[in-house]
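# Descriptive analysis of the structure
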Amino acid sequence: MENVDKKVEEKLSNTDNKKKEQILAEFSTFIDYLGDKVAMGEKMGLSEERIAQLASKVADYLAKKEDPKNSEEYLLQRLWQVGDKEEQHMLAHMLVKLAKEQN
């Protein structure tokens, strides 16, 4: 599983700015993108808990390194910033569920 963590970190670091802008421009595009990644994780045999852990890594990265592009992302960023680790983990679970529901 450590290999998956490294791949997620590499993907976040290596995604070019234009692609990030396209994904983050609209909240619906972001959720669709997340839904595709959740589906990919499920096909790899990852549990929902593991997917939520990886979603936490992505959310932490976005909260620290990316400016929100819309009001939904701003709200998510602020919720992430004020939440403790347990609350952040639950928010990651909810985002995974939302993404699965959208796909």
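Attention here is on the structure that accompanies the text. What you see is a predicted model; the values in this text were computed from it and never measured.

What counts and what doesn't
- Residues numbered from 1 in each chain as written.
- Predicted model: local features only at pLDDT ≥ 70, side-chain atom pairs only at ≥ 80, totals over all residues.
- Heavy atoms only, no water.
- Helix = DSSP H or I, 4+ residues; strand = E, 2+ residues; numbered from the N terminus.
- Expected span 1.5 Å × (residues − 1).
- Buried < 20%, exposed > 50% of the residue type's maximum accessible area, 1.4 Å probe, protein only.
- Arc of directions from axis to C-beta.
- Contact = heavy atoms within 4.5 Å.
- Core = buried A, V, L, I, M, F, W, Y, C linked by side-chain atoms within 4.5 Å.

## Focus on helix α3 (residues 27–43)
Residues spaced three or four apart along an α-helix point in a common direction, a consequence of the helix completing one turn every 3.6 residues. Taking 1.5 Å of rise per residue, the 17 residues of α3 would be expected to cover 24 Å, and the 24 Å separating its terminal C-alpha atoms lies within 8% of that figure. Of the residues making up α3, those classed as buried are Phe27, Phe30, Ile31, Leu34, Gly35, Val38 and Gly41. Relative to the axis of α3, the buried residues are bounded by an arc of 140 degrees and lie together on one face. The inward-facing, buried residues of α3 contact α2 (17–24), α4 (48–65), α5 (71–82) and α6 (85–102). Count one or two residues on from α3 and you reach Gly45, which has phi positive near 90 degrees.

## Description of the nonpolar core
Phe30, Val38 and Leu95 are the most contacted members of the largest nonpolar core, which totals 23 residues. Elements that contribute at least two residues to this core include exactly α1 (2–14), α2, α3, α4, α5 and α6. The element contributing the most residues to this core is α4, with six residues.

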